[in-house]
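Residue-level structural notes
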Amino acid sequence: MPMLDVYIPEGTFTADREAALMNQITEILIHHEGFDPADPVTRSVSWVFLHRPAAVYVGGELADAPRYKVVPSVPEGQLDEAKRAGVIRDVTAAILDAEAGAWPRDPGRIWVFPTNIPEGHWGGYGEISPLERIIARLGGEDGSRAAQLAAERITASRVESTSLPIPTR
C-alpha cells in the first residue's frame, strides 16, 4: 500500500515514457512490500503524486542534467533493511533506464528515501489503518494470521531501528 512522491523536472520524459515509469515504480514498491503488483485491489490503493520542481540547483548552480527525488511511504514493518535497499536499487535503475541514454547514466542524480510511517499513523478512508488490516486486505490473510504477521513485522522494524550503528568519522 505505498504512497509515492516522485519529483521529476518538467519535460524530462515524454508522457508515455513517464506513465510507464510511474507504473514501474509502483510495481517495484508493491513487490518489495510483499504484495502482488497485478492485484487490482492493491493497485487501487497505491498512489503516485508527481511533483514538478521549477528548477533543481546543485551547489547553487542550475543542474546540468535532471535530478530526481523519490519518497516512497509505507506502513511501518513493510520494508526492512534489505527491502529498502532493493527499493532504492530498483527505483534508481528504473529511472536511469527510462532516460534511455538521454543523459549520462549517473545514479548520483537520483535520491530515494523509503519512509516508514509509524504504526497508528497510516490514515485512509477517514480513519487509522493498522498494518494488520492492510495485510488482511491486500495479502488475503485471515484475521489471526494478519495480526501475527503485522506484530512480527512491526517488532522487527523497531528492533532494527534501535540497533542501527552509530556513524563514525
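Our structure is the block above this text.
Note that the structure is a prediction, hence the values are computed from the model and not measured. (Residues numbered from 1 in each chain as written. Predicted model: local features only at pLDDT ≥ 70, side-chain atom pairs only at ≥ 80, totals over all residues. Heavy atoms only, no water.)

Some points on the overall build of the chain
Just so we agree on the cut-off: Going along the chain from the N terminus, every DSSP run of H or I of four or more residues is numbered as a helix, and every run of E of two or more is numbered as a strand. A simple rule labels every residue: compare its accessible area, found with a 1.4 Å probe on the protein chains alone, to the largest value its type can have, and call it buried under 20%, exposed over 50%, or partly exposed in between. Contacts were defined at the residue level, with two residues in contact if any of their heavy atoms lie within 4.5 Å. Areas reported here follow the Shrake-Rupley algorithm with a probe of radius 1.4 Å; residue values treat only the protein chains shown as occluding. When charges are counted, neither His nor the chain ends are considered; positive counts come from Lys and Arg and negative counts from Asp and Glu. Here the site of a charge means atom NZ of a Lys, CZ of an Arg, CG of an Asp or CD of a Glu.
When helices and strands are counted, the chain shows 5 helices and 9 strands. In the chain, the order of α-helices and β-strands from amino to carboxyl end is β-α-α-β-β-β-β-α-β-β-β-β-α-α. Taking the principal axes of the C-alpha coordinates as reference, the chain spans close to 55 × 45 × 25 Å. Counting all 169 residues of the chain, 36% fall into the buried class. Put simply, of all contacts in the chain between residues at least 6 apart along the chain, 73% involve residues at least 24 apart. Carbon and sulfur atoms form 56% of the exposed surface of the chain, whose accessible area is close to 9500 Å². Once the 16 positive and 24 negative side-chain charges of the chain are each reduced to a mean point, those two points are 3 Å apart.

Section: the side chain of Glu99
As for its position among the elements, Glu99 is in helix 3 (residues 81-99). Setting aside chain neighbours within four positions, we find Glu99 in contact with Phe13, Pro66, Tyr68, Pro104 and Arg109.

As for helix 4 (residues 131-139)
Rule in force here: In this description, the arc belongs to the directions extending from the helix axis to the C-beta atoms.
Within the span of helix 4, buried status applies to Leu131, Ile134, Ile135 and Leu138. One side of helix 4 carries all its buried residues, which in axial view fall inside an arc of 100°. Those residues of helix 4 that are buried lie in contact with helix 2 (40-44), strand 5 (68-75) and helix 5 (143-162). Gly140 lies just past helix 4 and shows a positive phi near 70°.

Description of the environment of Ala19
With respect to the helices, strands and loops of the structure, Ala19 is situated in helix 1 (residues 15-33). Note on Ala19: relative accessible area 48%, which makes it partly exposed. In the structure, Ala19 is positioned 83 residues away from Ala102 in sequence and 17 Å away in space, judged by C-alpha atoms.

Looking at the pattern of salt bridges
Here is the rule we go by: Criterion for a salt bridge: a side-chain nitrogen of Lys or Arg within 4 Å of a carboxyl oxygen of Asp or Glu.
Under the counting rule described, the total for this entry stands at 10 salt bridges. Among the ionic pairs, Glu10 bridges to Arg52, the shortest N-O distance being 3.3 Å. Here Arg52 lies in the loop between strand 2 (47-51) and strand 3 (57-58) and Glu10 lies in the loop between strand 1 (3-7) and helix 1, a separation of 42 residues in the sequence. Residues Arg109 and Glu99 are paired through a salt bridge, measuring 2.5 Å at the closest nitrogen-oxygen approach. Note that Arg109 is positioned in the loop between helix 3 and strand 6 (110-112) and Glu99 in helix 3, a separation of 10 residues in sequence. Here Arg109 matches Glu99 in class, with each residue buried. One salt-bridge network, held together by shared partners, links Glu10, Glu18 and Arg52.

Scope: geometric values only; no functional claims are made or implied.
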